[in-house]
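So you can see what is in the structure, the chains are spelled out below.
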Amino acid sequence: MDVAFAEIVEDKVRLDDRQTRRFRRLLSGWYRVHARKLPWRGNVDPYRTWVSEIMLQQTRVAAVIEHYSVFLEKFPTVVALALAPEADVLAVWSGLGYYRRARMLHKAAQFVTKELGGVLPRTSEELRTLPGIGEYTCAAIASIAFGESIAVVDGNVERVILRLMGRPEDATAAGKTYVREIAASLVPAKRVSLRIDEASDFHAKINASGDHNQAMMELGATICLPKAPLCLNCPVYALCLTRGEHRTLPRGKQTSRPAAYLLALRKDGTATEILLERRPDEASLMAGMFEIPPLPMDAVEGMEPMLRLRHAITNTNYYVQVFGDLPGLRSSLVVAEQDLSWVRTSKLTEIPLTGLTRKVLKRLGVIAVKV
DNA sequence: AAATCGTGGAC
DNA sequence: TGTCCAAGATT
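Residues numbered from 1 in each chain as written. Chains lettered and ligands numbered in written order. Predicted model: local features only at pLDDT ≥ 70, side-chain atom pairs only at ≥ 80, totals over all residues. Heavy atoms only, no water.

For chain A, an unreviewed UniProt entry supplies the name Adenine DNA glycosylase and the organism Granulicella sibirica. According to UniProt, the comment filed for chain A under the heading Function (unreviewed entry) is "Adenine glycosylase active on G-A mispairs. MutY also corrects error-prone DNA synthesis past GO lesions which are due to the oxidatively damaged form of guanine: 7,8-dihydro-8-oxoguanine (8-oxo-dGTP)." (UniProt positions renumbered as here; feature names shortened; annotations may be inferred.)

> So what exactly am I meant to see when it comes to the nonpolar core here?
Nonpolar side chains tend toward joint burial in soluble globular proteins. Membership of the largest hydrophobic core comes to 37 residues, with the highest contact counts inside it found for Tyr47, Trp50, Phe71 and Trp93. Elements with a minimum of two residues in this core: α3 (46-56), α4 (61-74), α5 (78-83), α6 (86-93), α7 (99-115) and α9 (135-146). The greatest single-element share of this core, amounting to six residues, is contributed by α7. The contacts of Trp93, once residues within four sequence positions are left out, are Ile54, Met55, His67, Phe71, Tyr98, Tyr99, Arg101, Ala102 and Leu105. (Core = buried A, V, L, I, M, F, W, Y, C linked by side-chain atoms within 4.5 Å. Buried < 20%, exposed > 50% of the residue type's maximum accessible area, 1.4 Å probe, protein only. Helix = DSSP H or I, 4+ residues; strand = E, 2+ residues; numbered from the N terminus. Contact = heavy atoms within 4.5 Å.)

> Can you walk me through the protein's contact with DNA strand C in this structure?
Residues in contact with DNA strand C amount to 35 residues; listed here are only the nearest, Thr137, Asp154, Asn156, Ser256 and Asn317. In DNA strand C, the atoms that sit within 4 Å of the protein are 58% sugar and phosphate, with bases accounting for the remainder. Taking Arg60, its side chain carries an N or O atom lying 2.7 Å from a base oxygen of DNA strand C. Breaking the surface near DNA strand C down by element, the ones donating at least two residues are α3, α7, α9, α10 (155-165), α12 (208-222) and β9 (316-324). For the surface near DNA strand C, the class distribution of residues is twelve nonpolar, twelve polar and eleven charged. (Near = heavy atom within 4 Å. Polar contact = N/O pair within 3.5 Å; in protein donor to acceptor, adjacent residues only side chain to side chain. Nonpolar A, V, L, I, M, F, W, Y, C, P; charged D, E, K, R; others polar.)

> Is there a simple way to explain a positive patch on the surface in this structure?
There is a patch of like positive charges on the surface, built from Arg18, Arg21, Arg22 and Arg25. Relative to the helices and strands, Arg18 is located in helix α2 (residues 17-34). Classification of Arg18 as exposed rests on a relative accessible area of 60%. (Patch = residues over 30% accessible without salt bridge, like charges linked within 9 Å, V, L, I, M, F, W, Y side chains within 5 Å. Areas by Shrake-Rupley, 256 points an atom, 1.4 Å probe, with all protein chains shown as cover. Salt bridge = Lys/Arg side-chain N within 4 Å of Asp/Glu carboxyl O. Lys, Arg positive; Asp, Glu negative; His and termini not counted. Charge placed at Lys NZ, Arg CZ, Asp CG, Glu CD.)

The following block contains the structure:
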């Protein structure tokens, strides 16, 4: 390691004790006033905190809100989740993406049910051993549900800290360690209480570390925005070294691709059925999930689709065309017969559809516009 | 360590 | 039909 690099690594600027206390005070005061009302806030069930944290991984709040309550109505407890077939879990997860999360949450629920009597562990260290729970999520659940004094570091917290301390984004191990250390220095000690004022029927749950962590993320999500931060509304503006500057690493390139799908419907008595294709279990993407059958682009050359839409998958924007069951089109399907099945449209909410198929069917009114 | 895994809102 | 990127985990 060259000398210059060593010096940079050792140059750990850190808030002193007085600044740290001030930071906490300013942040918590702001959070009490500005915290968004979200469905998983104020909840007292660790299972619900767990579900919310898994759903929120790399996923926008708005998308989670659409699925959170439906998921909990269907699987109200760890045991209920553990007993459900995986396909049912995926069906409710449909549209949220990163389906491995649903599979691992399901597996973890089965472990908790069988081995732990259906009771979720109470420490970050034990939570960390469950499938789907990594460094961020174990800290989030432990602090929010159980008051443990441990820092969470998500994308928001990282950005807030880098701007606060005047550091550029840094994907190396040293960079991550730096952010973790600063985050840890800011978390208050464990302090949990339930304050109830009988006269006014006012009650407030106090959880110093859990609220601090949520406040850090809330600050990043609503004030310390990636592009145009709202510094003039920032509670810790006075302590911030950069006041908005954020040097980020270059991103991967986006690409665009065309895609075509077949929407084939038929009547069975009064019921309507739709032709779906099951993706192979070996598929790296959305294995075992159902979608309307893909069509080769050359089979639809020059034809007019019934629907056009964009569908983004990681770095690819798919510009999708959906075609009705026109003569000859079905013969251009490339899949094996046994991977195709006719499904009653009334049962579609019970089936693990891919996000794209779910979106298409909603847009065309084949399934009701609800989750 | 770097790639992989979904999606959609915002601009 | 361009780009960014969000309460990450796993391999």
